[in-house]
Amino acid sequence: MANNIVLYFSRSGNTKKAAEYISKKLGADLVELKTKMDYPEDYDTLVKVAEKQISDDEHPEIATSLDLSEYDTVYLGFPTWYQQPPMIVHSFFDQFDLTGKNLVPFVTSVSSTIADSTSYLKKMCDSEVLRDGFTANSFSDIDDFLK
Ligand SMILES: Cc1cc2nc3c(=O)[nH]c(=O)nc-3n(C[C@H](O)[C@H](O)[C@H](O)COP(=O)(O)O)c2cc1C
């Protein structure tokens, strides 16, 4: 039987909520990806920090310890920041070798879709690994994808 894990990065809770729902539906393990650095709570400061990380190509260190060896499929969820994945997603691919696994990305956003992030993911991640992903802004979005 396929062994699934749902990994997520979330600042204000939307991706967390989606990830919890997905893991429950799939009976998958659920793990939050955290950075060693603290992102600011204040929205205006957060957007500045996020923008600077992109312009500096900064890959913030991941604080979460993780062994993915037992999993066949990794669902990776994150908010859309500036029409792309947050820089922790680069750090994730720096650190973890997903050879032989399936990577299914999902995003939350105000209006951006998975397509915006997919173009970036294609550059970060082996095409053999990357599967179709989905926008997870509502439980019905998630139900539609997982049905
Ligand atoms: C720095 C920053 C940049 C964002 N950029 C976008 C964007 O380009 N497109 C969009 O639709 N939403 C954007 N948003 C909104 C978030 O993607 C959205 O609120 C998301 O669901 C937050 O997820 P979280 O609650 O798991 O942190 C941005 C939010 C932040 C903080």
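Structure shown above.
Just so we're clear, the structure is a prediction, and the values are computed from it rather than from any experiment. (Residues numbered from 1 in each chain as written. Predicted model: local features only at pLDDT ≥ 70, side-chain atom pairs only at ≥ 80, totals over all residues. Heavy atoms only, no water.)

A. Fine view of the site of the ligand. Close to the ligand lie 20 residues, the nearest being Ser-10, Ser-12, Thr-15, Thr-80 and Ser-112. For the ligand, a nitrogen atom lies 3.0 Å from a polar atom in the backbone of Tyr-82. A distance of 2.7 Å separates an oxygen atom of the ligand from a polar side-chain atom of Thr-108. Here the ligand, which alone exposes 640 Å², has 89% of that area covered by the protein. Put simply, the parts of the chain that give the shell around the ligand at least two residues each are α1 (14-26) and α2 (43-55). Ranked by the residues each element gives to the shell around the ligand, the list is headed by α2, at four residues. Here the shell around the ligand is composed, by residue class, of eight nonpolar, eleven polar and one charged. (Near = heavy atom within 4 Å. Polar contact = N/O pair within 3.5 Å; in protein donor to acceptor, adjacent residues only side chain to side chain. Areas by Shrake-Rupley, 256 points an atom, 1.4 Å probe, with all protein chains shown as cover. Helix = DSSP H or I, 4+ residues; strand = E, 2+ residues; numbered from the N terminus. Nonpolar A, V, L, I, M, F, W, Y, C, P; charged D, E, K, R; others polar.)

B. Representation of the nonpolar core. Among the nonpolar cores identified, the biggest contains 29 residues, and Leu-7, Leu-68, Leu-76, Phe-92, Phe-93 and Leu-98 are the most heavily contacted of them. Per element, the largest residue contribution to this core is four residues, and it comes from helix α3 (residues 88-95). Apart from the residues lying within four places of it in its own chain, the contact partners of Phe-92 are Leu-7, Leu-33, Ile-62, Leu-66, Leu-68, Val-74, Leu-76 and Leu-98. Formed by twelve residues, the second largest nonpolar core is a distinct cluster that contains Val-6, Ala-28, Val-104 and Ile-142. (Core = buried A, V, L, I, M, F, W, Y, C linked by side-chain atoms within 4.5 Å. Buried < 20%, exposed > 50% of the residue type's maximum accessible area, 1.4 Å probe, protein only. Contact = heavy atoms within 4.5 Å.)

Shape descriptors only; they carry no functional weight alone.
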